[in-house]
Amino acid sequence: MRAIWKGAVSFGLVSIGVKVYSATEEKDIRFHQVHREDGGRIRYKRTCSVCGEEVTYDDIAKGYDIGGGEMVILTDSDFADLPLSTSHAIDVLEFVPAEQVDPILYNKAYFLEPEGSATKPYVLLRDALSDSERVAIVKVALRQREQLATLRVREGVLLLNTMLWPDEIRRPDFGFLDEDLKVRPPELAMASSLIDSMAGEFEPDAFTDDYRAALQEVIDAKVEGREVVQPEEEEAAPAAAVDLMAALKASVERARAARGEAPSGGGAEPTPISSARSAKKAAKKAPARKAAEKKAEPAKKTAAKKAPAKKAAEKKAEPAKKTAPKKTPAKKTAAKKSA
């Protein structure tokens, strides 16, 4: 890495010499504009719109348009004379809880490396900052512009995060914010169930730039003169849902299936909505079931009364059955006389 700035962290009466390095880098695949016919690079010339002559960097100044076709020209000497107290210093203003800094304010990140004999005070500030569980609010001038920033610790190194000024944050001005829209409790409960079913721990390494990988494959294939293998088509995005509750429920089931869990109808843990509906159905069926049980009670009692009579009749029928077999010898005697 190459240092882009040198200065000192001003911490009370302590000065800590540091070098500043960019903490991030873009991984976009960059292209040049070329002539389609022969691949020649397209060059741009810096020309003056008044005289038409080509202008070198040494002859270029900064101009501020004040309107009406008038321009105020500022040179490097004009900027050099500006009273910029943080031109070579990172001035610590205060220490605040990290959660009080809205992430929308963050702009770019830089690593700070101690320079020369500043290692010990650097480590002292780093450890004290970690123990305090706060971030330092600082001012720093980078590229001739004073910026608000934070200092915090990341992987044992002081990290400088430049921030936007509050007046650089736009305020959302959308019509729906003035509308009286109310979300029904069942919808909110189902949406919460969907969030729970998709909950996890953030692991940045688990995510990849699929577009960049596919583009690199196309470039490699062009270089090697081979055919490009088309990636599999991704599942089409679902159409706009008409029934919000149905869409939420389907989303919950889809998230569970992606995690390898059983669907809610197959013994899985019920959602708040399904539990509420089951309770309502059970409450409606309870009176009807009690009424049916009451109607069945007289029939049970009547059947119980008839049972003794039925047993008595069965007992009377038993002697008659036993007497019937004794008449068989008489039939045999009659058969002998006839012979």
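Our subject is the structure listed above.
Quantities reported herein were computed from a predicted structural model and do not represent experimental measurements.

Engineer: Looking at this structure, I do not really get the overall build of the chain. What am I missing?
Structural biologist: Each helix and strand counted, the chain has seven helices and nine strands in total. By the burial criterion, 17% of the 339 residues in the chain qualify as buried. For the chain, long-range pairs separated by at least 24 residues make up 59% of all intrachain contacts whose partners lie at least 6 apart in sequence. Surface accessibility of the chain: about 27,800 Å² in total, with carbon and sulfur atoms responsible for 55%.

Engineer: Teacher, can you tell me more about the packing of aromatic side chains here?
Structural biologist: Aromatic rings considered in pairs are described by the distance between their centres and by the relative angle of their planes. Enumeration over the complete set of coordinates arrives at three aromatic pairs. Taking the centre distance of 6.0 Å and the plane angle of 85 degrees together, the rings of F11 and F95 count as edge-to-face. Within this pair, whereas F11 is found in strand β1 (residues 5-11), its partner F95 is found in strand β5 (residues 89-97), the two being separated by 84 residues in sequence. The exposure class assigned to F11 is partly exposed, which follows from its relative accessible area of 26%. For F95, a relative accessible area of 33% corresponds to the partly exposed category. Between R46 and the ring centre of Y57, over which it is positioned, the NZ or CZ distance is 4.0 Å.

Engineer: Looking at this structure, how should I read a nonpolar patch on the surface?
Structural biologist: Among the surface-exposed residues, Y64, I66, V72 and L74 lie close enough to one another that they form a single nonpolar patch of about 370 Å² accessible area. Looking at the nonpolar patch, the elements with two or more residues in it are β3 (62-67) and β4 (70-74). As for its placement among the helices and strands, L74 is situated in strand β4.

Engineer: How do you make sense of the sheet that holds β5 when you look at a structure like this?
Structural biologist: Strands pair in a sheet through their backbones, by hydrogen bonds, and they do so in one of two ways: parallel or antiparallel. Overall, mixed pairing links the seven strands, which are arranged β1-β2-β6-β9-β8-β7-β5 in a closed barrel. Mean inter-strand twist for the sheet, computed between neighbouring axes without regard to direction, equals 40 degrees. Inspection of the sheet shows β5 paired to strand β7 (residues 134-142) by six bridges, in the antiparallel sense. Looking at the pairing, E94 lines up with I137 of β7.

Engineer: What is the right way to read the environment of T119 from this model?
Structural biologist: Locating T119 in the fold gives a position in helix α2 (residues 119-132). Of the residues examined, T119 reaches a relative accessible area of 40% and is grouped as partly exposed. Linking T119 and V18, residues 101 residues apart in sequence, is a C-alpha distance of 9.1 Å.

The rules behind each value
- Residues numbered from 1 in each chain as written.
- Predicted model: local features only at pLDDT ≥ 70, side-chain atom pairs only at ≥ 80, totals over all residues.
- Heavy atoms only, no water.
- Helix = DSSP H or I, 4+ residues; strand = E, 2+ residues; numbered from the N terminus.
- Buried < 20%, exposed > 50% of the residue type's maximum accessible area, 1.4 Å probe, protein only.
- Contact = heavy atoms within 4.5 Å.
- Areas by Shrake-Rupley, 256 points an atom, 1.4 Å probe, with all protein chains shown as cover.
- Phe/Tyr/Trp six-rings, centres within 6.5 Å; stacked < 30°, edge-to-face > 60°.
- Lys NZ or Arg CZ within 6 Å of the ring centre and 35° of its normal.
- Patch = residues over 30% accessible without salt bridge, like charges linked within 9 Å, V, L, I, M, F, W, Y side chains within 5 Å.
- Salt bridge = Lys/Arg side-chain N within 4 Å of Asp/Glu carboxyl O.
- Pairing = 2+ DSSP bridges.
- Axes fitted to C-alpha atoms, helices over the stretch in contact; angles between N-to-C directions.

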